[in-house]
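Chains, contacts and geometry: an overview
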Amino acid sequence: LSVTDPAEPVRARAEIASAIRAFTPAQWARLRRVAAHYSIGDLMEAEDLLQEAFRGALDGERKCPVSVDVVRFLAEAMRSVADGELKRTKRRPALVPLPASGDPAAPVPEPMDPALNAEERDEDSRCQRQREQIIGLFTDDPAAEVIVEGLMEGMRGEDLRALTDLDQTAYQSKRRLIRRRIERFLRGPKL
Amino acid sequence: MTGDPKDARDALGRLADALAEDILNAPDEQVLADAAEIYGDTDKLAADMLRLFEQTASEQSKAKLVAARAAIAADRRRRQEQPALIRPRRGGGFRDFFPPTPRPRASSRWPPARARPFRTMTCTACWKISRTLA
């Protein structure tokens, strides 16, 4: 998903709001289903993702190029929010300025504690548990399991299909089954 | 697949990207059929989603109003705290910025400052006559 091009003219906020109000049931369904998939990792509810995307579009924080479909634009906004949540507590080594040479009084930075705090441990374990649960949804279907694991590894297209020995039609219907099964698993109690 | 928790985050992110892209590219009929199977009535789903959007828009409008009121109040406080060079009067207009020039004091010198119009139009002789008559 990539919709950002700074040189392209963008839709006005009122135009985006009008487009959203005129969505068809199919467009709403598409948006809701995308939100369900981006709520993966259990870090944010699908409804919260949708609200964040609407808020960003309405207050002008996110720009929608005129050439981009509004559903895709909102999907991209949700992806961005979800990605931020997934990486929020990702641990990186702290960057500190080097002290000047020959300056004994330069303060020595405190090394970052490599141990996880309670919140990070909780989020990590949730992600890991959910990954295992999702793979576990396909124990009865080895081809689907291979596809899910391949997608998790970042494999796409023909390479992934070749791994399963399925023809194009069978592969597409397997992917559809995967989407439905994962979505049912991720579906929250609301909406 | 490894058991590293950091890999789990990335793996879930990649899976979500791939499946979301599939949904964005799927035909309407397929999206609706699958949504009906998972969420039930798709018209109700659309109505619920629209309500969620309107609720977000309404909350945002309220937040903007609150922010605007706070900005006005802050501006008013700042003005009150500043020492004013020209203190505006109630209902003041351009006179606050261009105060009227003070008039010269009335004196007995000619021409009299508060002379009546007809007197100002007369000559010195006429004025003396009128003074005598008065």
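Below or above, wherever it landed, is the structure these notes cover. Here the structure is a predicted model, which means the values were calculated and not measured. (Residues numbered from 1 in each chain as written. Chains lettered and ligands numbered in written order. Predicted model: local features only at pLDDT ≥ 70, side-chain atom pairs only at ≥ 80, totals over all residues. Heavy atoms only, no water.)

Helix and strand content of chain A: eight helices and zero strands. Helices (α) and strands (β) of chain A occur, in sequence order from the N terminus, as α-α-α-α-α-α-α-α. In chain A, which comprises 191 residues, the share counted as buried stands at 42%. Of the roughly 10100 Å² of accessible surface on chain A, 52% is carried by carbon and sulfur atoms. (Helix = DSSP H or I, 4+ residues; strand = E, 2+ residues; numbered from the N terminus. Buried < 20%, exposed > 50% of the residue type's maximum accessible area, 1.4 Å probe, protein only. Areas by Shrake-Rupley, 256 points an atom, 1.4 Å probe, with all protein chains shown as cover.)

Here we take up the interface of chain B and chain A. Counting residues at the interface gives 53 residues for chain B, matched by 62 residues for chain A. Counting across the interface, chain B meets chain A through eleven salt bridges. With a closest N to O distance of 3.6 Å, Asp 34 of chain B and Arg 33 of chain A form a salt bridge. Counting across the chain B and chain A interface gives 19 residue pairs in polar contact (both at pLDDT 80 or more). Among the secondary structure elements, those contributing two or more residues to the side of chain B that touches chain A are α1 (5–25), α2 (28–39) and α3 (42–81) of chain B. Among the elements that line the side of chain B that touches chain A, the one with the most residues is α1 of chain B, at 21 residues. (Contact = heavy atoms within 4.5 Å. Salt bridge = Lys/Arg side-chain N within 4 Å of Asp/Glu carboxyl O. Polar contact = N/O pair within 3.5 Å; in protein donor to acceptor, adjacent residues only side chain to side chain.)

Here we take up the side chain of Arg 33 of chain A. Here Arg 33 of chain A is to be found in helix α2 (residues 25–38). Take Arg 33 of chain A: its relative accessible area is 2%, and that puts it in the buried class.

Another point: helix α8 (residues 168–186) of chain A. Residue and element names in this part refer to chain A. In this model, α8 (19 residues) spans 27 Å end to end at C-alpha, consistent with the 27 Å of a helix rising 1.5 Å per residue. Among the residues of α8, Tyr 171, Lys 174, Arg 175, Ile 178, Arg 179, Arg 180, Ile 182, Glu 183 and Leu 186 are the ones counted as buried. A side-chain oxygen of the first residue of α8 lies 3.1 Å from the backbone nitrogen of Thr 169; this N-cap is Asp 167. (Expected span 1.5 Å × (residues − 1).)

What follows concerns the environment of Ser 39 of chain A. You can see Ser 39 of chain A is positioned in the loop between α2 and α3 (46–58). Put simply, Ser 39 of chain A and Arg 187 of chain A are 148 residues apart on the chain and 9.1 Å apart in space, counted from C-alpha to C-alpha.

Turning to α3 of chain A, a few remarks are in order. Residue and element names in this part refer to chain A. Look at α3: 18 Å from first C-alpha to last across 13 residues, which is about the 18 Å you get at 1.5 Å a residue. Those residues of α3 that sit buried are Ala 46, Glu 47, Leu 49, Leu 50, Ala 53, Phe 54, Gly 56, Ala 57 and Leu 58. Within two residues after α3, Gly 60 carries a phi angle of roughly 80°, on the positive side.

Now for the packing of α2 of chain A against α8 of chain A. All names here are of chain A. Contact pair α2 / α8: the axes reach a minimum separation of 9 Å and the direction vectors enclose 75°. Of the possible angle classes, the one that applies to α2 and α8 is roughly perpendicular. Along the contact surface, α2 presents Arg 33, Ala 36 and His 37, while α8 presents Arg 179, Arg 180, Ile 182, Glu 183 and Leu 186. Considered class by class, the residues forming the contact of α2 with α8 number three nonpolar, one polar and four charged. (Axes fitted to C-alpha atoms, helices over the stretch in contact; angles between N-to-C directions. Parallel < 35°, antiparallel > 145°, perpendicular 65-115°, else oblique. Nonpolar A, V, L, I, M, F, W, Y, C, P; charged D, E, K, R; others polar.)

Two quantities define a packed helix pair, namely the angle between the axes and the distance from one axis to the other. The geometry of α3 of chain A relative to α3 of chain B is characterised by a closest axis approach of 10 Å and an angle of 50° between their N-to-C directions. If you check the angle between α3 of chain A and α3 of chain B, you find them oblique. Taken as a pair, α3 of chain A and α3 of chain B cross one another with a handedness that is right-handed. Contact residues: Glu 47, Leu 50, Gln 51, Phe 54, Arg 55 and Leu 58 of chain A in α3 of chain A; Met 49, Leu 52, Phe 53, Gln 55, Thr 56, Ala 57, Glu 59, Gln 60 and Lys 64 of chain B in α3 of chain B. Within the contact of α3 of chain A with α3 of chain B, the residues separate by chemical class into seven nonpolar, four polar and four charged. (Left-handed = near helix turned anticlockwise from the far one by under 90°.)

Inspection of the entire model under this criterion finds three aromatic pairs over all chains. Consider the rings of Trp 28 of chain A and Phe 54 of chain A, whose centres lie 6.3 Å apart with planes at 85°: the pair is edge-to-face. With Trp 28 of chain A in helix α2 and Phe 54 of chain A in helix α3, the pair connects residues that are 26 residues apart, well separated along the chain. Each member of the pair Trp 28 of chain A and Phe 54 of chain A is classed as buried. Measuring from centroid to centroid gives 5.1 Å for Phe 54 of chain A and Phe 53 of chain B, while their planes differ by 80°, and the two rings are edge-to-face. Of the two residues, Phe 54 of chain A is situated in helix α3 and Phe 53 of chain B in helix α3; the pairing between them involves two chains. (Phe/Tyr/Trp six-rings, centres within 6.5 Å; stacked < 30°, edge-to-face > 60°.)

Summed over all chains, the structure comprises 24 salt bridges over all chains. Among the salt bridges present, the one from Arg 176 of chain A reaches Asp 34 of chain B, with a minimum N-O distance of 2.8 Å. Here Arg 176 of chain A is found in helix α8, whereas its partner Asp 34 of chain B is found in helix α2 on a different chain. Linked through salt bridges whose partners overlap, the residues forming this network are Arg 33, Arg 176, Arg 180, Glu 183 and Arg 184 of chain A together with Asp 34 and Glu 37 of chain B.

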